[in-house]
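Commentary on secondary and tertiary structure
What follows is the residue order along each chain.
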Amino acid sequence: MSKVTIGNQAYFTSVNKIDYEGRESDNPLAYKWYDEHRLIGDASMKDYFKFAVAYWHSFCGNGSDPFGLPTRDLPWNQANDPIQKAKDKMDAAFEFMSKLGIPYYCFHDVDIVDEAPTLVEFEQRLEVITDYAQQKQEESGIKLLWGTANLFSNPRYMNGAATNPDFNVLAYAGAQVKLALDATIKLKGENYVFWGGREGYLSLLNTDMKRELDHLARFLHMAKDYARSQGFKGTFFIEPKPAEPSKHQYDYDAATTIGFIRNYGLQDDFKLNIEVNHATLAQHTFQHELQTAADADMLGSIDANRGDYQNGWDTDQFPNNVYELVEACLVILQAGGLQGGGINFDAKVRRNSTDLDDMFYAHIGGMDAFARALLVAKAILDKSPFTHMRRDRYSSFDSSDGQLFEEGKLTLQHLKRIAFNKDNPKKLSGKQELFENIINDYL
Ligand code: XLS
Ligand code: NI
Ligand code: NI
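Computed from a predicted structure; not experimentally measured.

**Some points on the overall build of the protein**
Helix and strand counts for the protein come out as 16 helices and 12 strands. Scaling as 2.2 N^0.38, a compact globule of 443 residues should have a C-alpha radius of gyration of about 22 Å, and the protein matches this with 24 Å. Across its three principal axes, the protein shows a C-alpha extent of roughly 85 × 60 × 45 Å. Relative to its full complement of 443 residues, the protein shows a buried share of 49%. Nonlocal contacts in the protein, meaning residues at least 24 apart in sequence, comprise 75% of its contacts between residues at least 6 apart. Summed over its atoms, the accessible surface of the protein is roughly 21700 Å², and 50% of this surface lies on carbon and sulfur atoms. Considering the protein, the positive charge centre built from 47 side chains and the negative charge centre built from 63 side chains are found 4 Å apart.

**Details of the sheet that holds strand S5 (residues 143–148)**
Strand order around the closed barrel formed by 8 strands is S3-S4-S5-S6-S8-S10-S11-S12, with parallel pairing between neighbours. Within the sheet, the average angular offset between the axes of one strand and its neighbour, ignoring direction, is 30 degrees. In this fold helix H12 (residues 357–383) packs onto strand S3 (51–54), strand S11 (299–304) and strand S12 (343–345), with an angle of close to 150 degrees to the strand it touches most, S12.

**Comments concerning the coordination of the nickel ion (ligand 3)**
Distances from the nickel ion (ligand 3) to its protein donors, Glu275 (OE), His278 (NE2) and Asp314 (OD), fall within 2.1 to 2.4 Å. The sequence motif formed by the donor residues of the nickel ion (ligand 3) is E-x2-H-x35-D. The metal-metal distance between the nickel ion (ligand 3) and the nickel ion (ligand 2) is 3.9 Å, with glutamate 275 serving as a donor to both. Given a relative accessible area of 4%, histidine 278 falls into the buried group.

**Observations concerning the site of ligand 1**
Taken together, Trp56, His108, Phe152, Trp195, Glu239, Lys241, Glu275, His278, Asp303, Asp314 and Asp346 make up all the residues around ligand 1. At 3.4 Å from an oxygen atom of ligand 1 is found a side-chain nitrogen or oxygen belonging to tryptophan 56. Contacts to ligand 1 include glutamate 239, whose side-chain N or O atom sits 2.7 Å from an oxygen atom. For ligand 1, the protein covers 93% of the area, taking 290 Å² as the surface of the free molecule. Taken together, the residues of the shell around ligand 1 sort by class into 3 nonpolar, 2 polar and 6 charged.

**What to know about a nonpolar patch on the surface**
Together, Phe405, Leu412 and Leu415 make up a nonpolar patch on the protein surface, roughly 320 Å² of accessible area in all. Within the secondary structure, leucine 412 sits in helix H15 (residues 412–420).

**Looking at the pairing of strand S6 (residues 191–194)**
Across the two faces of S6 the burial is the same, with Asn191 and Val193 and Tyr192 and Phe194 all buried. As a crossover connection, the stretch from S5 through helix H6 (residues 167–186) into S6 is right-handed. Sheet analysis places S6 next to strand S8 (residues 235–238), joined by 4 bridges and oriented parallel. Residue pairing for S8: asparagine 191 is matched across the bridge by threonine 235.

**Comments concerning the packing of aromatic side chains**
One pass over the structure, following the stated rule, counts 31 aromatic pairs. Arranged with centres 6.1 Å apart and planes meeting at 70 degrees, the rings of phenylalanine 59 and tryptophan 76 form a pair that is edge-to-face. Note that phenylalanine 59 is positioned in helix H2 (residues 55–60) and tryptophan 76 in the loop between H2 and helix H3 (82–100), a separation of 17 residues in sequence. For the pair phenylalanine 236 and phenylalanine 270, a centre-to-centre distance of 5.2 Å together with 25 degrees between the ring planes defines the contact as stacked.

About the thresholds
Residues numbered from 1 in each chain as written. Chains lettered and ligands numbered in written order. Predicted model: local features only at pLDDT ≥ 70, side-chain atom pairs only at ≥ 80, totals over all residues. Heavy atoms only, no water. Helix = DSSP H or I, 4+ residues; strand = E, 2+ residues; numbered from the N terminus. Rg over C-alpha atoms; globule rule 2.2 N^0.38 Å. Buried < 20%, exposed > 50% of the residue type's maximum accessible area, 1.4 Å probe, protein only. Contact = heavy atoms within 4.5 Å. Areas by Shrake-Rupley, 256 points an atom, 1.4 Å probe, with all protein chains shown as cover. Lys, Arg positive; Asp, Glu negative; His and termini not counted. Charge placed at Lys NZ, Arg CZ, Asp CG, Glu CD. Pairing = 2+ DSSP bridges. Axes fitted to C-alpha atoms, helices over the stretch in contact; angles between N-to-C directions. Donors = N, O, S within 2.8 Å, 3.2 Å for Na, K, Ca; no water. Near = heavy atom within 4 Å. Polar contact = N/O pair within 3.5 Å; in protein donor to acceptor, adjacent residues only side chain to side chain. Nonpolar A, V, L, I, M, F, W, Y, C, P; charged D, E, K, R; others polar. Patch = residues over 30% accessible without salt bridge, like charges linked within 9 Å, V, L, I, M, F, W, Y side chains within 5 Å. Salt bridge = Lys/Arg side-chain N within 4 Å of Asp/Glu carboxyl O. Right-handed = clockwise from strand over helix to strand, strands pointing away. Phe/Tyr/Trp six-rings, centres within 6.5 Å; stacked < 30°, edge-to-face > 60°.

Quick look at the structure:
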């Protein structure tokens, strides 16, 4: 194991650099499957996944919940001066990420430095901390996968941000997005995310939905136009979620969001950031949301986590279900990978996982689960009859009348004539269990 010391203070003193040791290793602080150099097609695993740490959960989340006080100590969060505190947090973040060997991170504006009483002061704080981040990125080689603005925590956003009925709040949100875009561009962020936690409603009785959606679209156009004018080449992602904190969120799920993007002419610049737990909250599988995005050519990025099948909220647990991740990786591989994005662990350790080491176990587990699933999915596509079996179900469309139908050369009268000349169609088994077994056979 190699030693790393980064920044001014070491926070994770009991952990050294995490290395790939292979599946026979019993070292809990080593990768068993994630080998950053291993090739997946032409790309290394490192470049294929583009794993990222979420600043908010790992370095800001203190374990408090609606029933209890913080449980995590966050030793980097002690200084009184907001700039010093932000720098300490960043030292901890880059030490953690370097030891983990994870190539990317993601943040909200208010994660990297506390919000200030005025926007003027907030802009100054962001200037200082992004200078510091620039230096840290250079030293470590760690890059920014995406930035975003937190438009949901501050009470001013209780009625929404871009969909707030009060223009003054919308303007404030616009200022915050401008600053967050400036920070993202300065740090060479590869993408920018919009997650609309409060863009929705609590009651339709007091809500003009059409007007709010028009405002949201105009706001997104303005953000995109500004970023492009500043030379930003990355992709904008919208992150669907059906509810929580709003009763109903406008970016409900992938299909709804794709409709919104196309309806308002945003399709050249916007793709989707699919989050596992948001998919399940919308009563979909993760695989379903990925497939929907991929079919619309909008599979941009992933927020990796998992929900709890007995709970109805966003528990943001680290992913560990390899079977379900294989289903997801089948979609990702067949789509030719993610468009611009990566895999951000929008996940938090449990409230009672209070040791700093737990953050390592959580990320190692998540990265290994994805790496293993990708290898299994690749083997299934390369070696198993899976692709043929699925294609064969549609073979009646490959020639004669089926082909003419797909080419748009038949009318409803044709269908009638064809059917009248044939016997009742035979039953063709869907073979679901056989398909399901293939995944277990390759695990
Ligand atoms: C919350 C969202 C949030 C976004 C970024 O449920 O997942 O963390 O990813 O604002
Ligand atoms: Ni998320
Ligand atoms: Ni979430």
